[in-house]
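These are the residues of each chain, in order.
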Protein chains: 2
Amino acid sequence: MRLALLGCGTVGSEVVRLLHSQSADLAARIGAPLEIAGIAVRRIGRDRGELPVDPAVFTSDPFDLVKRDDVDVVVECVGGIEPARSWLVEALRAGKSVVTANKVLLAEDGGTLHDAAAQGGGDLYYEAAVAGAIPLLRPLRESLHGDRVTQVTGIVNGTTNFILSAMDTTGAGFAEALAEATDLGYAEADPTADVEGFDAAAKAAILASLAFHTRVGAADVHREGITEVTAADVASAKAMGCTIKLLCIAARGTAADGRETVSVRVHPAMIPLTHPLASVGDAFNAVFVEAEAAGQLMFYGPGAGGAPTASAVLGDVVAVSRNRLAGVRAASESAYADLPVRPMGEALTRYHISLDVTDRPGVLAAVAGVFAQHDVSIATVRQGSAGSGVAGRDEDADLVIVTHVAPDAALAATVQALRGLDTVRSVASVLRVEGSA
Amino acid sequence: MRLALLGCGTVGSEVVRLLHSQSADLAARIGAPLEIAGIAVRRIGRDRGELPVDPAVFTSDPFDLVKRDDVDVVVECVGGIEPARSWLVEALRAGKSVVTANKVLLAEDGGTLHDAAAQGGGDLYYEAAVAGAIPLLRPLRESLHGDRVTQVTGIVNGTTNFILSAMDTTGAGFAEALAEATDLGYAEADPTADVEGFDAAAKAAILASLAFHTRVGAADVHREGITEVTAADVASAKAMGCTIKLLCIAARGTAADGRETVSVRVHPAMIPLTHPLASVGDAFNAVFVEAEAAGQLMFYGPGAGGAPTASAVLGDVVAVSRNRLAGVRAASESAYADLPVRPMGEALTRYHISLDVTDRPGVLAAVAGVFAQHDVSIATVRQGSAGSGVAGRDEDADLVIVTHVAPDAALAATVQALRGLDTVRSVASVLRVEGSA
């Protein structure tokens with residue numbers, strides 16, 4: 001089995017090292033030795049330390065490499081949409097099997113890759129694209145195929161989980177926690193993709209596609225980041241026995257006309273401390289899967305890093321190599337269900353709303369009236385007065401309201417209407433609540 | 001695709017129900033409809049409630065059924081070694097693919113089944129045999145094949161986990177917690193297989209075989225149950241910031257001659273509350289996998305029950321059906337490493353030992369001397385006096401010692417020697433400690 005590697009950065013070089021250190025085991029598991037036919041890099045002469053590979057394998061021509069007759073499997077560790085997509089389409093059309101960790105490309109245009117794979121007859125595997133080394137795609141793609149997945153709820157971005165965990169532990173604000181994450185190497189110099197939820201949204205699209213047998217792209221995912229989560233939000237969550245996590249949620253639902261739908265979203269949410277995802281700290285990832293027969297499952301592990309990602313890549317390399325030796329192809333993309341993706345406004349969520357109100361009789365009645373007008377049912381109200389209590393006039397008080405489940409649009413409209421009440425001085429925070437305890 | 005079902009009890013009837021309710025989805029995922037060709041049961045006429053299946057499919061002749069030309073896949077939900085083994089060997093030799101949840105048979109004589117599958121050219125899948133619906137075997141069998149698994153630590157028996165969780169929560173003794181588990185349906189009338197660790201040992205053998213590419217049988221597993229765990233042990237664990245779990249542990253190691261080995265064992269052990277397995281309560285299962293590149297992974301979910309087990313069975317049915325339609329066979333048993341199983345005495349463990357001693361100067365020196373003689377290093381000592389302290393004579397005191405890692409035989413010999421010391425009134429408890437925080 002001869003392998004072409006595209007890119008030789010953190011993950012690529014770790015793949016090379018593991019291929020070398022485990023070569024005997026890999027050969028035994030595959031049934032044939034695994035060799036590196038070529039490594040495409042931008043600059044051939046660059047110092048790559050003590051990489052255990054013949055320097056002659058480096059090339060700066062990826063298009064030539066992926067089509068070479070002596071290449072069976074192409075491993076892509078470059079990332080981004082172009083030129084990675086063109087290289088992989090070329091490789092797949094030439095009948096090569098492809099292993100990639102490129103979540104952005106898969107979420108943006110996975111269909112093109114799946115189609116090219118079907119055309120060329122090779123495999124397309126991408127376990128490393130979501131949640132690093134946590135074996136997740138294979139369980140969704142295979143183990144749960146006898147069941148009906150109802151919801152996937154995941155913490156799939158290590159950077160934001162580190163930041164939110166730090167805010168929860170130390171009481172720090174977002175900026176301070178981000179600075180700490182940057183110092184410790186958990187956040188990149190430009191943290192936008194992580195803190196604005198783009199990375200999680202790409203992974204949500206991939207998970208939703210697998211769980212619901214439907215092509216879901218990055219554009220189908222409602223996305224909110226964590227930049228507006230405040231220390232007060234975190235404290236408020238704590239007071240409720242909750243913690244705040246950036247969740248990716250892909251859920252099956254039913255539209256008004258009775259048709260099945262899926263909704264896919266990424267946003268910060270409060271979850272009770274008793275929920276299995278609540279204890280997933282630091283940069284760890286975990287994905288909680290609910291299925292009709294299987295019940296509640298959770299998968300936990302490191303979500304990123306060179307070695308864990310390389311482990312997932314190599315697991316796929318062994319699988320596609322065995323398939324090639326046996327002359328077979330794995331099950332291809334399963335998108336038969338083709339469920340419509342419902343807009344965020346129709347997704348069913350719960351809100352936790354903190355209001356600064358004037359401490360005056362009748363405030364609660366006015367506020368409750370707004371919820372009723374929007375057909376939103378209130379689950380709990382906590383009223384704290386900063387002034388003299390019931391008899392006081394025009395002093396500050398706060399009102400914390402948690403709703404029952406309602407369409408997100410109705411909840412958003414409720415918040416909008418609350419802002420217009422003259423007894424409401426400000427809406428201090430709005431957070432969604434997930435995972436009822 | 002035509003399916004023969006052996007057994008129609010809790011799991012079998014749930015498989016029938018799911019096949020019916022999900023038939024359209026299953027057909028789409030497989031690429032062909034899935035039909036029940038026959039169900040072999042002991043008593044054909046028995047009342048099976050509202051099972052959505054033609055009564056004509058029931059037969060009392062499993063040997064005939066598994067060989068029939070119109071059967072592609074055989075699903076076994078009977079359990080036990082015979083006659084299940086004879087039926088499955090017959091089915092596999094006849095070229096059928098087999099899906100089974102029979103952990104006892106796989107642990108006792110999995111080799112015979114694998115050999116028969118290789119001979120007949122069909123698949124042998126058994127995801128449901130370990131940890132119910134938690135997708136675990138497929139990740140070990142495939143996803144982690146590019147990595148080197150170093151240890152698998154699992155809570156794989158729901159009954160004992162329920163009992164130990166109850167003891168931890170309520171302070172109850174073993175007998176009382178077992179009675180509660182029996183009342184609630186978590187323990188069978190004869191709980192021996194669960195509480196004595198036989199069930200966990202069978203699963204440990206299956207996990208070890210997959211993780212280390214080595215045939216490990218039930219007889220290779222060192223097994224201790226939970227019947228001797230006392231309320232005092234549980235309280236002692238709590239005082240140390242730990243909880244007691246029945247663990248199955250399969251670990252890679254190195255023998256004195258430098259050769260790689262595996263050790264496989266099932267016993268109660270103290271684990272720190274900070275360990276991810278510590279929060280796995282009630283009848284849930286979880287398996288913690290450590291691999292060189294991937295790091296620490298955990299898989300969590302319901303370990304038993306008709307629906308979760310049926311979900312795992314059907315996931316396998318979809319996989320083997322797709323393989324048959326494609327005319328291919330999945331990767332067969334991987335046992336190339338063939339590592340020797342090291343005896344329990346050589347396994348590296350840590351002990352937590354509580355001693356009742358006479359409160360006399362020199363006691364600690366005498367006790368510490370015994371550890372030194374056996375080359376066992378002490379990590380922590382906690383001395384509590386029930387009497388007048390240092391100057392007191394012949395009053396009761398207790399000494400709690402936690403060791404560093406040492407060969408289990410050295411630790412056992414140390415405990416034996418402590419019993420012989422005349423300053424040691426009794427060895428109040430001995431528990432292994434796992435998962436350093």
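What you see is a predicted model, and the numbers here were worked out from it, not measured in a lab.

With respect to the interface of chain B and chain A
Every contact between the two is made by 42 residues of chain B and, on the other side, 42 residues of chain A. Both sides together, the interface formed by chain B and chain A hides about 3,800 Å², and carbon and sulfur atoms give 55% of it. Where chain B touches chain A, the interface holds 2 salt bridges. We note a salt bridge from A:Arg138 to B:Glu142, for which the minimum N-O separation is 3.4 Å. The interface formed by chain B and chain A holds 22 residue pairs in polar contact (both at pLDDT 80 or more) in total. Contributing elements (two or more residues each) for the side of chain B that touches chain A: helix H2 (23–30), helix H6 (137–141), strand S12 (295–302) and helix H12 (306–326) of chain B. Taken together, the residues that form the side of chain B that touches chain A break down as 24 nonpolar, 9 polar and 9 charged. Of the pairings in the sheet, the one linking strand S12 (residues 295–302) of chain A to S12(B) comprises 3 bridges and is antiparallel in character. Counted as the bridge partner of A:Met298 is B:Tyr300 from S12(B).

Things to note about the domain arrangement of chain A
Residues and elements named next belong to chain A. Split into domains, chain A comes out as domain 1 (2–132 + 307–326), domain 2 (137–300) and domain 3 (346–433). Each side of the interface is counted separately: domain 1 has 18 residues, and domain 2 has 16 residues. Across the domain 1-domain 2 interface, the total number found is 3 salt bridges. Residue Arg138 is joined to Asp316 by a salt bridge in which the shortest nitrogen-to-oxygen separation is 2.6 Å. Where domain 1 packs against domain 2, one counts 7 residue pairs in polar contact (both at pLDDT 80 or more). Put simply, the parts of the chain that give the side of domain 1 that touches domain 2 at least two residues each are helix H5 (103–120), strand S6 (124–125) and helix H12 (306–326). Per-element tally for the side of domain 1 that touches domain 2: the top contributor is H5, with 8 residues.

Quick notes on the confidence of the model for chain A
Per-residue pLDDT for chain A averages 92, and the proportion of residues at 70 or more is 97%. Below a pLDDT of 50 lies the segment residues 387–392 of chain A, which in the model reaches 9 contacts outside its immediate sequence neighbourhood of four places, other chains included.

Observations concerning the sheet that holds strand S2 (residues 35–40) of chain A
Residue and element names in this part refer to chain A. Across the sheet, which stays open at both edges, the 6 strands sit in the order S3-S2-S1-S4-S5-S6 with parallel pairing between neighbours. Lying at the two open borders of the sheet, with one neighbouring strand each, are strand S3 (58–59) and S6. Across 4 bridges, strand S4 (residues 73–76) lies against strand S5 (residues 97–100) in parallel orientation. Looking at the pairing, Val73 lines up with Ser97 of S5. Against the sheet, helix H1 (residues 10–21) contacts strand S1 (2–6) and S2, and its axis sits at roughly 155 degrees relative to S1.

Examining the environment of B:Ala40
Residues and elements named next belong to chain B. Of note, Ala40 is situated in strand S2 (residues 35–40). According to the relative accessible area criterion, Ala40 is buried, its value standing at 7%. Note: C-alpha distance between Ala40 and Leu6 (34 residues apart in sequence) is 4.9 Å. Not counting chain neighbours up to four residues away, the residues in contact with Ala40 comprise Leu5, Leu6, Gly7, Thr59, Pro62 and Leu65.

Some details on empty space enclosed by the protein
Taken as a whole, this structure holds 4 cavities of 30 Å³ or more when the rule is applied. Of the pockets and cavities examined, the largest cavity occupies roughly 70 Å³. Lining the largest cavity are B:Tyr125, B:Tyr126, B:Glu127, B:Leu137, B:Arg138, B:Arg141, B:Glu142 and B:Asp316. Broken down by element, the residue count for the lining of the largest cavity peaks at 3 residues, all from H6(B). In terms of residue class, the lining of the largest cavity is made up of 3 nonpolar, no polar and 5 charged. Two domains each provide a minimum of three residues to the lining of the largest cavity, namely domain 1 (2–132 + 307–326) and domain 2 (137–303) of chain B. Approximately 60 Å³ is the volume attributed to the second largest cavity. Along the walls of the second largest cavity sit A:Tyr125, A:Tyr126, A:Glu127, A:Leu137, A:Arg138, A:Arg141, A:Glu142 and A:Asp316, which together make up its complete lining.

Examining the UniProt feature "binding site: NADP(+)" (unreviewed entry) in chain A
Residues and elements named next belong to chain A. Look at the UniProt record and you will see "binding site: NADP(+)" (unreviewed entry) annotated at Leu6, Gly7, Cys8, Gly9, Thr10, Val11, Gly12 and Ser13. With relative accessibility at 60%, the residue Thr10 sits in the exposed group. Residue placement: Val11 occurs in helix H1. Sequence-distant contacts of Val11, defined by excluding residues within four places in its chain, comprise Cys77, Gly306, Thr309 and Ala310.

Examining the relation of the copies chain B and chain A
Least-squares fitting of chain B to chain A yields an RMSD of 0.0 Å, with the transformation described by 0.0 Å of translation along the axis and a rotation of 180 degrees. Between the two chains, the operation in question is that of a two-fold axis. Taking the C-alpha atom as reference, chain B places B:Phe299 closest to the rotation axis, 2.4 Å from it. Of the interface residues in chain B, 100% have counterparts in chain A that sit at the interface too, so the contact is made through matching surfaces.

Remarks on the pattern of salt bridges
Residue and element names in this part refer to chain A. This structure, assessed with the given rule, holds 43 salt bridges over all chains. For Glu224, the salt bridge identified is with Arg432, shortest N-O distance 2.9 Å. Separated by 208 residues along the polypeptide, Glu224 in the loop between strand S8 (222–223) and helix H11 (231–239) and Arg432 in strand S17 (residues 424–433) bring together distant segments of the chain. Residue classification places Glu224 among the partly exposed positions, given a relative accessible area of 28%. The salt bridge partner of Arg432 is Asp408, with a shortest N-O separation of 2.7 Å.

What about the packing of aromatic side chains?
Scanning the entire structure with this criterion turns up 5 aromatic pairs over all chains. On the basis of an interplanar angle of 25 degrees and a centroid distance of 4.3 Å, the ring pair of A:Phe162 and A:Tyr186 is categorised as stacked. In this pair, A:Phe162 sits in helix H7 (residues 158–170) while A:Tyr186 sits in the loop between helix H8 (174–183) and helix H9 (192–195), placing the two residues 24 residues apart along the sequence. With a relative accessible area of 8%, A:Phe162 lands in the buried category. On the basis of an interplanar angle of 5 degrees and a centroid distance of 5.1 Å, the ring pair of A:Phe284 and A:Tyr300 is categorised as stacked. Of this pair, A:Phe284 sits in strand S11 (residues 284–291) while A:Tyr300 sits in strand S12, and the two are 16 residues apart along the sequence. Taking the relative accessible area as the measure of exposure, A:Tyr300 reaches 13% and is therefore buried. The ring of B:Phe198 carries B:Arg223 above its face, with NZ or CZ at 3.8 Å from the centroid.

Quick notes on the UniProt feature "binding site: L-homoserine" (unreviewed entry) in chain A
Residues and elements named next belong to chain A. Look at the UniProt record and you will see "binding site: L-homoserine" (unreviewed entry) annotated at Glu188. Note on placement: Glu188 falls in the loop between H8 and H9. When residues no more than four places from it in sequence are discounted, the contact partners of Glu188 are Thr182 and Asp194.

Things to note about the pairing of strand S9 (residues 242–254) of chain A
Residue and element names in this part refer to chain A. Among the 13 residues that make up S9, 12 are buried, leaving the element largely enclosed by the rest of the structure. For strand S7 (residues 149–155) and S9, the ladder comprises 4 bridges, and the chain directions are antiparallel. In the sheet register, Val152 faces S9, and the bridge partner there is Ala250. Linking S9 to strand S10 (residues 260–272), which pair antiparallel, is a turn of 5 residues; within it Gly258 sits at a positive phi near 90 degrees.

About the cut-offs
- Residues numbered from 1 in each chain as written.
- Chains lettered and ligands numbered in written order.
- Predicted model: local features only at pLDDT ≥ 70, side-chain atom pairs only at ≥ 80, totals over all residues.
- Heavy atoms only, no water.
- Contact = heavy atoms within 4.5 Å.
- Buried area = accessible area lost by both parts, 1.4 Å probe.
- Salt bridge = Lys/Arg side-chain N within 4 Å of Asp/Glu carboxyl O.
- Polar contact = N/O pair within 3.5 Å; in protein donor to acceptor, adjacent residues only side chain to side chain.
- Helix = DSSP H or I, 4+ residues; strand = E, 2+ residues; numbered from the N terminus.
- Nonpolar A, V, L, I, M, F, W, Y, C, P; charged D, E, K, R; others polar.
- Pairing = 2+ DSSP bridges.
- Domains from an automatic or database assignment.
- pLDDT = per-residue confidence, 0-100.
- Axes fitted to C-alpha atoms, helices over the stretch in contact; angles between N-to-C directions.
- Buried < 20%, exposed > 50% of the residue type's maximum accessible area, 1.4 Å probe, protein only.
- 1 Å grid on protein atoms, 1.4 Å probe; cavity = no way out; pocket = protein on both sides within 12 Å on 5 of 7 lines; lining within 4 Å.
- Points joined across faces, edges and corners; volume = space filled by probe spheres on them.
- UniProt positions renumbered as here; feature names shortened; annotations may be inferred.
- Least-squares fit on C-alpha atoms with pLDDT ≥ 70 in both.
- Phe/Tyr/Trp six-rings, centres within 6.5 Å; stacked < 30°, edge-to-face > 60°.
- Lys NZ or Arg CZ within 6 Å of the ring centre and 35° of its normal.

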